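Chain residues, written in single-letter form:
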Amino acid sequence: MLESKALNWPTILFLTLSPIVALAGSIWWIASGSFHFLTLLLAVAMAFSTGLGITAGYHRYFAHRSFETIWPVRLLLLLFGGACFEGSAWEWCLDHRRHHRHIDEENDPYNIKKGFWHAHLLWLFTRPAMDSGQRHAPDLWRDPLVRFQHRLYLPLSLAVSFILPMAIAALWGDPWGGLFIAGALRLVVNQHFTFAINSVCHCLGRQTYSDAHSARDNWFTALLTYGEGYHNFHHEFPGDYRNGIRFYHWDPTKWMIRCLAGLKLAGNLNRVQTEVILLKKLALQEKKLAEKLAGQPRHVADFADRLLQSTKHQIHRAAEKLKELRAQYYTMTKQDHELAREKFREAKRQLRQALSEFQQTVALWESMARRLSKLMEVAGSASGGWTLPAEGRA
Ligand SMILES: [Zn+2]
Ligand SMILES: [Zn+2]
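Residues numbered from 1 in each chain as written. Chains lettered and ligands numbered in written order. Predicted model: local features only at pLDDT ≥ 70, side-chain atom pairs only at ≥ 80, totals over all residues. Heavy atoms only, no water.

Digging into the overall build of the protein chain
Rule in force here: Put simply, DSSP marks the helices as runs of H or I at least four residues long and the strands as runs of E at least two long, and each gets a number from the N terminus on. With a 1.4 Å probe rolled over the protein chains alone, any residue whose accessible area is under 20% of its type maximum counts as buried; one over 50% counts as exposed, and the rest are partly exposed. Note on contacts: a residue pair is in contact if any heavy atoms of the two residues lie within 4.5 Å. We get accessible surface area from the Shrake-Rupley algorithm with a probe of 1.4 Å; when it comes to residues, only the shown protein chains can shield them.
Looking only at helices and strands, the protein chain features 15 helices and two strands. Along the three orthogonal principal directions, the C-alpha set of the protein chain runs to about 80 × 65 × 50 Å. Across the 394 residues in the protein chain, those meeting the buried criterion constitute 48%. Restricting the contact set of the protein chain to residue pairs at least 6 apart, pairs at least 24 apart contribute 70%. Carbon and sulfur atoms make up 63% of the accessible area of the protein chain, which totals about 20600 Å².

Considering the environment of Q335
Secondary-structure assignment places Q335 in the loop between helix 14 (298-333) and helix 15 (337-381). With relative accessibility at 39%, the residue Q335 sits in the partly exposed group.

Quick word on the coordination of the zinc ion (ligand 1)
In plain terms, the rule: In this analysis a donor is any N, O or S atom within 2.8 Å of a metal ion (3.2 Å for sodium, potassium and calcium), and since water is not included, sites may seem incomplete. Just to be clear on the cut-offs, tetrahedral is four donors with all angles between 85 and 135 degrees, square planar is four donors and octahedral six with opposite donors over 155 degrees apart and all others between 65 and 115, and anything else goes down as irregular.
Bound to the zinc ion (ligand 1) are the protein donor atoms H99 (NE2), H202 (NE2), H231 (NE2) and H235 (NE2), situated 2.1 to 2.2 Å from the metal. Seen from the zinc ion (ligand 1), its four donor atoms lie at angles of 92 to 160°, and the figure they make is irregular. Between consecutive donor residues of the zinc ion (ligand 1), the sequence gaps follow H-x102-H-x28-H-x3-H. Taken as a pair, H99 in helix 4 (residues 89-101) and H202 in the loop between helix 9 (175-199) and helix 10 (219-224) lie far apart in primary sequence, 103 residues in all. Residue class for H99 comes out buried when judged on its relative accessible area of 0%. Using a relative accessible area of 3% as the deciding quantity, one classes H202 as buried.

Concerning the coordination of the zinc ion (ligand 2)
Taken together, H59 (NE2), H64 (NE2), H96 (NE2), H100 (NE2) and H234 (NE2) make up the protein donors of the zinc ion (ligand 2), found 2.0 to 2.2 Å from the metal. We note that the donor set of the zinc ion (ligand 2) lies within a single chain, spaced as H-x4-H-x31-H-x3-H-x133-H. One end of the pair, H59, is in helix 2 (residues 37-63); the other, H100, is in helix 4, with 41 residues separating them in the sequence. The burial state of H59 is the same as that of H100; both residues are buried.

Notes on the packing of helix 3 (residues 71-82) against helix 7 (residues 144-151)
Definition in use: A fitted line through C-alpha atoms serves as each axis, taken over the contacting stretch for helices, and the angle formed by two N-to-C directions is quoted from 0 to 180°. In these notes the angle categories are as follows: under 35 degrees is roughly parallel, over 145 is roughly antiparallel, 65 to 115 is roughly perpendicular, and the rest is oblique. Less than a right angle of anticlockwise turn of the near helix away from the far helix marks a crossing as left-handed, whereas a clockwise turn marks it as right-handed. Note on residue categories: nonpolar means Ala, Val, Leu, Ile, Met, Phe, Trp, Tyr, Cys or Pro, charged means Asp, Glu, Lys or Arg, and polar means any other residue, Gly included.
Interhelical geometry of helix 3 versus helix 7 gives an angle of 25° and a closest axis separation of 10 Å. In terms of orientation, helix 3 lies roughly parallel with respect to helix 7. In this structure, the crossing between helix 3 and helix 7 has a hand that is right-handed. Contacts between helix 3 and helix 7 involve W71, R74, L75, L78 and G82 on the former and, on the latter, L145, V146, F148 and Q149. Partitioning the contact of helix 3 with helix 7 into residue classes produces six nonpolar, two polar and one charged.

Details of the environment of L185
When you line up the elements, L185 lands in helix 9. With 33 residues separating them in the primary sequence, L185 and N218 have C-alpha atoms 25 Å apart. Apart from residues lying up to four places away in sequence, L185 is in contact with A22, S26 and F180.

Some details on the pattern of salt bridges
Put simply, the rule is: The salt bridge criterion pairs a side-chain nitrogen of Lys or Arg with a carboxyl oxygen of Asp or Glu, the two atoms within 4 Å.
Summed over all chains, the structure comprises 16 salt bridges. For D251, the salt bridge goes to R60, with nearest N and O atoms at 3.0 Å. Taken together, the positions of D251 in the loop between helix 11 (231-236) and helix 12 (252-262) and R60 in helix 2 put the pair 191 residues apart, joining distant regions of the chain. Taking the shortest distance from any N to any O, the salt bridge between K321 and E357 comes out at 3.4 Å. Here K321 is found in helix 14, whereas its partner E357 is found in helix 15, with 36 residues between them in sequence. Via salt bridges that share partners, R60, E228 and D251 belong to a single interconnected network.

Thoughts on the packing of aromatic side chains
Stated formally: Paired rings are identified among Phe, Tyr and Trp, the last through its six-membered ring, by centres lying within 6.5 Å, and are further divided according to the angle between planes into stacked (under 30 degrees), edge-to-face (over 60) and tilted (the rest).
Using the criterion set out here, one finds 19 aromatic pairs in the structure. Summarising the aromatic geometry, the rings of F233 and F237 are spaced 5.1 Å apart at their centres and angled 45° between planes, so their arrangement reads as tilted. The same class applies to F233 and to F237, which are both buried. Measuring from ring centre to ring centre gives 5.3 Å for F247 and Y248, while their planes differ by 85°; the resulting arrangement is edge-to-face.

Here's the deal with helix 13 (residues 274-294)
Condition: Take the residue count of a helix, subtract one, and multiply by 1.5 Å to get its expected span.
Given a rise of 1.5 Å per residue, 21 residues ought to cover 30 Å, and the 30 Å separating the end C-alpha atoms of helix 13 matches this to within 8%. For helix 13, the complete set of buried residues consists of E275, I277, L278, K281, L282, L284, L289 and L293.

A few points about helix 2
In this model helix 2 runs 36 Å from its N-terminal to its C-terminal C-alpha over 27 residues, within 8% of the 39 Å that 1.5 Å per residue would give. The buried fraction of helix 2 is high, at 19 of 27 residues. Phi turns positive one or two residues past the end of helix 2, at R65, with a value near 50°.

Quick word on the nonpolar core
How we decide: Residues belong to a common nonpolar core when they are buried Ala, Val, Leu, Ile, Met, Phe, Trp, Tyr or Cys residues joined through side-chain atoms within 4.5 Å.
Of all hydrophobic cores here, the largest spans 34 residues; its most connected members are Y58, F62, W90 and L140. When residues of this core are traced back to their parent elements, those giving at least two are helix 2, helix 3, helix 4, helix 6 (138-141), helix 7, helix 8 (153-170), helix 9 and helix 12. Considering each element in turn, this core owes the most residues, six residues, to helix 2. In this structure, F62 is in contact with G57, R74, L78, C93, R97, L140, D143 and V146, ignoring residues within four places of it in sequence.

Digging into the side chain of R74
As for its position among the elements, R74 is in helix 3. A residue is classified by how much of its surface remains accessible, and R74, at 16% relative accessible area, is buried. Not counting the four nearest positions on each side in its chain, R74 is found in contact with Y61, F62, T69, D143 and L145.

Written out as structure tokens, the structure is:
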């Protein structure tokens, strides 16, 4: 039960009334014959621009500093992120940094252990108002744009969230559609999609890199949250500008940051090295396999261990080689390119080859680990237990 004195009534009223207004407005819009296709397109464009304001702006730039960008881009990210009505960037980042520091603990503002709905929404109902900015997150408070957005949060957010889509939709004679569809409905849908990162991504999906916390990788949520669904990866490597690391992972936020970098509007994109990511994934798989092996007869465990160790040795050798080549490559990037161009190209080729060799050895280890794991599951379910081929016995 929530204590009445702790309730944040403006937030409660906003979060409960906005879906009602959005639904009633949408019904009226269709029933009155005001439907206009361009208004729908505007709603989608507004959903992406405000959603990316949160994911690329509030989250990956302001909270995690995973890239650098120029002030006009920062201003746009603040204006459009604010239009999601999730608080000012400064307030949002304080909560989010606390979430990373204290994940699944009492001090985690959206602690999933307090329940799905607490993590999704209810934590906001008792969220206290933030006090003076200077004492918290000084790196953020030093940014005049962050202070500007925090102080004028309400008028700026109202203007971008509602007045802007009304004004645009008025161009084709549908200002009320702009208000209800591209404004209110878009806002409610976007809010619940982004809230799902704190709720769904902490209880549904795969723990690919760590099982030490509740964060999970969930491709379906990534589809709705502009790429933020790969949340287990994000909690392990929060400084990486990507959440979906494979080229086919749906992560429009990553693509937007890359586009900004391509246009020279952003730079210093922080990216964790592939070998670091894969070794982390491997360590977790090894731990899970060891748990399964613990219940097997000694000779089975020894057989599996011998099988995997030789490949693991290759993986570490490949990782060392990769590290060495990478260091050489970065030294070359600082040298005079005219003199070192040929050597530079060769180093790049070697680096690519070493990375590919490393990935292949990891894939080989993973495939063996998967087969062994399956074998053990079969052996565990059969009452007769395991028998090994003669040459496999210790
Ligand atoms: Zn999280
Ligand atoms: Zn984060």
